[in-house]
Amino acid sequence: MVKLNPIRMQSWDSSNIGKWLKNSLEDPSIVTVDQDSLTYPQLLCQFIGVSMDEDEYFTILHTQLNDSDGKLINLTNSLNKNIAPDKLRAINQLFEIHRQEKGLSPNRMVAFLEGHFLLPKLNDTDLNRRIRIVLIDLLKQLQSNYVEGTQHHEYRRITIDMIKWIFNHVEPVLEKLDFQTGLPGFLWYGDATPSERWFLKFLGAYGFHIVIFNPCDESWPMQMLGIDEEHSFKFPKIASKPSEFPNEMPKIAGTVAFRATQEINELLHHDDSGLYKPFQFKSYSINSLRLKTTEDEAFLIAKERAMIRPHFQVSSQQVTIPVVFAKYMGIDRNRKRFWNNVHSLTSREDTHVIRQFPFTKEQKANPVFHYRNALNSDGMLDPEIMKSSNWWSYGKLPSGTQTAIGEAIAKHVRDPILIPQGNETHEELQLYAFSQSMFIPDFVIRLFQTFDYPQYVPTIFLYNEEKGPELSRADANALCIMHHLGLDIILVNPQGHLDIEKWVQEGMFDLHWMDDRSFNEPFKEENVVSKIFKKFR
């Protein structure tokens, strides 16, 4: 018989967890064995953040596992929900009783669990009794979390998950528990679902050691396990998204110079520094934010770097890019000022001028099969599913660029700013937006590949003289995608006629009414002398 009496450790060595767990009962000053009672130090700790070198970080993690000689068990990505069919039937029968009784109390629930053979039957009765006591206490805490108490849907799901995991992970450990070496520890990496958090809480309450690697500095280890500052080791960097947990120790290591460079980059080139490396944020998501501008501001802002525009921000793996999306109805009576503004943009290599319409083709294929296969469980387009599909037309681009395009398409399709035509339903409008967005013009892809988000923003300048076919709905859809990709868009109709307004909802772009109309105002190329003069300025 083993009566456990775990005492939380007051101090710990973050560099030596594995070896300590291996020999945790060797210090007689803190371990006492009194007949069948074991008093021992229990470690509940966490490692917050990540080191500058990711490979070094995972090497530290795997070293702790290896040094423990099996006394530190990795639960990450390995929790087993399998359960025998007879036990599953018994669980369903029990929760049918729970429903009919309008909620069994935690004490009765555990009594029924034991009566239905849904708790382990160990040879050691003290260990069995501890499972019941800890589970009752946890179910009481879980009950108090919900207004509906034990009838909340999460109460059932968490309880069933804990039953499965107690059988699959706790019972095997307790069956071979060595009184002389004590209880092992469990390691967890990254975030956890509600069920996983409650199971870790059960393990800690029972007396197992718990080691959390918390790369994103989540608050739940403190809330669920009571891991305080004194039991938290902090790495120098907080991850915005946890990397995949590697099954093996990395086989590469950074040099001293590499680690020094990583530290310098973290100090000088972090999200808020304003000192950015070229294409530092190419793997980040884009949030384009339209700036409401005056007729003079649109041209001025379009010439400025994104990072000095109002509301530019980098946070949580996302870059907010303030952009211009403006239409000029008519033309400035001061032609010199107008064409100077135009040429200041069109002379740049990152500006594309469009004078002929339509500049895209209407897609006639029915995309419903591709569209539905690219939806996630929430019914939304998933960029990662699109990227892995055989019909994805942007597969040659860097992964971060593909993701940004996929996210722009998903955002556009989720809530199109196009105007429905005729009796077009919302779903038909979404299918149209999806179909057209699968074929973004090549010049947009080229501009976007060279777009370093904090720097100069590529501009699409459209000059509609109405000398041929009109700006089409497919053109308008392409402009919407360009807007979501963070590009500036300026459209001039010197005659002051409607074009994009036929296709895009009102209020989605700035509309500037100019003081003149011109019905014969061809696009004026910048003269050679001006170009040469600019080169020598």
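Our structure is the block above this text.
Residues numbered from 1 in each chain as written. Predicted model: local features only at pLDDT ≥ 70, side-chain atom pairs only at ≥ 80, totals over all residues. Heavy atoms only, no water.

### Description of the overall build of the protein chain
Keep this limit in mind: Under the scheme used here, helices are H or I runs from DSSP no shorter than 4 residues and strands are E runs no shorter than 2 residues, and both carry numbers assigned from the N terminus. With C-alpha atoms as the basis for the radius of gyration, the globule rule is written as 2.2 Å multiplied by the number of residues raised to the power 0.38. Each residue gets one of three labels from its accessible area relative to the maximum for its type: buried under 20%, exposed over 50%, partly exposed in between, using a 1.4 Å probe on protein chains only. Whether two residues are in contact is decided by their heavy atoms, any of which lying within 4.5 Å being enough. Surface accessibility in these figures is a Shrake-Rupley result with a 1.4 Å probe; residues are shielded only by whichever protein chains are displayed. In this tally, Asp and Glu contribute negative charge and Lys and Arg positive charge; neither His nor the terminal groups of the chain are included. In plain terms, the charge of a residue is placed at NZ if it is Lys, CZ if Arg, CG if Asp and CD if Glu.
The helix and strand inventory of the protein chain stands at 18 helices and 16 strands. For the protein chain, whose C-alpha radius of gyration is 31 Å, the value lies well above the compact-globule estimate of 24 Å for 537 residues. By principal-axis analysis of the C-alpha atoms, the protein chain measures approximately 105 × 60 × 40 Å. Taken over 537 residues, the protein chain has a buried fraction of 51%. Here the analysis covers contacts within the protein chain between residues at least 6 apart in sequence; of these, 79% occur between residues at least 24 apart. Carbon and sulfur atoms form 50% of the exposed surface of the protein chain, whose accessible area is close to 26800 Å². Side-chain charges of the protein chain comprise 58 positive and 69 negative groups, with the mean position of each set lying 4 Å from the other.

### Points about the sheet that holds strand S13 (residues 351–354)
The line we're drawing: Criterion used throughout: strands pair if DSSP finds at least two bridges between them. Comment: axis = line fitted to C-alpha atoms, over the contacting stretch for helices; angle = value between 0 and 180 degrees taken between N-to-C directions.
With parallel pairing, the 5 strands of this open sheet are ordered in space as S13-S14-S15-S12-S16. Strand pairing shows two members of the sheet lacking a second neighbour, S13 and strand S16 (510–513), which therefore form its edges. Geometrically, the sheet is characterised by an average inter-axis angle of 15° between neighbouring strands, direction not taken into account. Sheet topology places strand S12 (residues 325–329) next to S16; 4 bridges connect them, and they run parallel. If you follow Met329 over to S16, its bridge partner there is Trp513. Running at roughly 135° to strand S14 (residues 459–463), helix H11 (residues 335–346) makes contact with S13, S14 and strand S15 (488–493) of the sheet.

### Digging into empty space enclosed by the protein
Let me state the cut-off plainly: As defined here, a cavity is a set of points on a 1 Å grid over the protein atoms alone where a 1.4 Å probe fits but cannot get out. A pocket is an open set with protein on both sides within 12 Å along at least five of seven lines, and residues line them when an atom is within 4 Å of a point. Grid points are joined across faces, edges and corners, and a volume is the space filled by probe spheres set on the points. Ten residues, namely Ala, Val, Leu, Ile, Met, Phe, Trp, Tyr, Cys and Pro, are considered nonpolar, four, namely Asp, Glu, Lys and Arg, are considered charged, and the remaining ones, Gly among them, are considered polar.
Per the stated rule, a full pass over the model turns up 3 cavities of 30 Å³ or more. The residue makeup of the lining of the largest cavity, split by class, is 4 nonpolar, 1 polar and 4 charged. Roughly 40 Å³ of volume is contained in the second largest cavity. Taken together, Ile286, Ala404, Glu407, Ala408, Lys411 and His484 form the lining of the second largest cavity. Among the residues making up the lining of the second largest cavity, the classes are represented as 3 nonpolar, 1 polar and 2 charged.

### Re the side chain of His231
Test applied: For this analysis, a polar contact is any N or O atom pair within 3.5 Å, provided that within protein one partner can donate a hydrogen and the other can accept it, and provided that sequence-adjacent residues contribute only side-chain to side-chain pairs.
Along the chain, His231 falls in the loop between helix H8 (220–225) and strand S8 (232–234). Taking the relative accessible area as the measure of exposure, His231 reaches 9% and is therefore buried. Engagement of the side chain of His231 in a polar contact is seen with the backbone oxygen of Met9, the distance being 2.5 Å. A polar atom in the side chain of His231 sits 2.8 Å from the side chain of Asp228.

Purely spatial values, then, with no claim about function.
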